[in-house]
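So you can see what is in the structure, the chains are spelled out below.
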Amino acid sequence: AFLFGYPHLLPMMQGEALAHIFDKARTFMEDGGVIALDLNGVPDTDYPSKTTTRSVADLRNDPVLGPALPHVDILHMNEDELVNLTGCQIEGTDASQLEDEFNIASAVS
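Report follows, based on the coordinates. Quantities reported herein were computed from a predicted structural model and do not represent experimental measurements. (Residues numbered from 1 in each chain as written. Predicted model: local features only at pLDDT ≥ 70, side-chain atom pairs only at ≥ 80, totals over all residues. Heavy atoms only, no water.)

Taken together, the side chains of Tyr6, Leu9 and Leu10 define a hydrophobic patch exposed on the protein surface, amounting to about 260 Å² of accessible area. You can see Leu9 is positioned in the loop between β1 (2-5) and α1 (16-28). Leu9 gets classed as partly exposed once you look at its relative accessible area, which sits at 49%. (Patch = residues over 30% accessible without salt bridge, like charges linked within 9 Å, V, L, I, M, F, W, Y side chains within 5 Å. Areas by Shrake-Rupley, 256 points an atom, 1.4 Å probe, with all protein chains shown as cover. Salt bridge = Lys/Arg side-chain N within 4 Å of Asp/Glu carboxyl O. Helix = DSSP H or I, 4+ residues; strand = E, 2+ residues; numbered from the N terminus. Buried < 20%, exposed > 50% of the residue type's maximum accessible area, 1.4 Å probe, protein only.)

What follows is the structure in structure tokens.
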């Protein structure tokens, strides 16, 4: 397995550079291995609509993660990072638990 973390905090390890590292790592691992990416420092994005989740195309065009996403088997992030990356809305109350779970599932599928 190959675990890489915090690309948003490492300007030289973003976009195509990150995709290249993942591609090289995969070639050295037996049976292609597993690539995991741990996020931290995901900025609050200013995409046009904060009321809808970002599309897969939006995420693939993300300058930090986009080119690397096809190489990632496991993407790890906390709720704040999920909201910032995808636009997913999470209320975090007992009354909103079912809706929050639906929104999270929608954002990651």
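Having seen the model, we can carry on.
So, about the environment of Leu37. Its location among the elements puts Leu37 in strand β2 (residues 35-38). Classification of Leu37 as buried rests on a relative accessible area of 1%. Separated by 37 residues in sequence, Leu37 and Ile74 have C-alpha atoms that sit 6.3 Å apart. Every residue in contact with Leu37, bar those within four places of it in the chain, is listed here: Leu3, Phe4, Pro7, Phe22, Leu65, Val72, Ile74, Leu75 and His76. (Contact = heavy atoms within 4.5 Å.)

This part takes up the nonpolar core. One finds Phe22, Leu37, Leu39, Leu65 and Leu85 to be the most contacted residues of the largest nonpolar core, which totals 15 residues. The leading source of residues in this core is α1, at 3 residues. Residue contacts for Leu85: discarding those within four places in its chain leaves Leu39, Val42, Arg54, Leu59, Asp62, Leu65 and Met77. (Core = buried A, V, L, I, M, F, W, Y, C linked by side-chain atoms within 4.5 Å.)

Moving on, we get to the packing of aromatic side chains. What the rule picks out here adds up to 2 aromatic pairs. Summarising the aromatic geometry, the rings of Phe2 and Phe22 are spaced 6.1 Å apart at their centres and angled 80 degrees between planes, so their arrangement reads as edge-to-face. Taken together, the positions of Phe2 in strand β1 and Phe22 in helix α1 put the pair 20 residues apart, joining distant regions of the chain. Ring centres 6.2 Å apart and planes at 80 degrees place the aromatic pair Phe4 and Phe22 in the edge-to-face group. In this pair, Phe4 sits in strand β1 while Phe22 sits in helix α1, placing the two residues 18 residues apart along the sequence. An aromatic cluster of three or more residues is present, and its members are Phe2, Phe4 and Phe22. (Phe/Tyr/Trp six-rings, centres within 6.5 Å; stacked < 30°, edge-to-face > 60°.)

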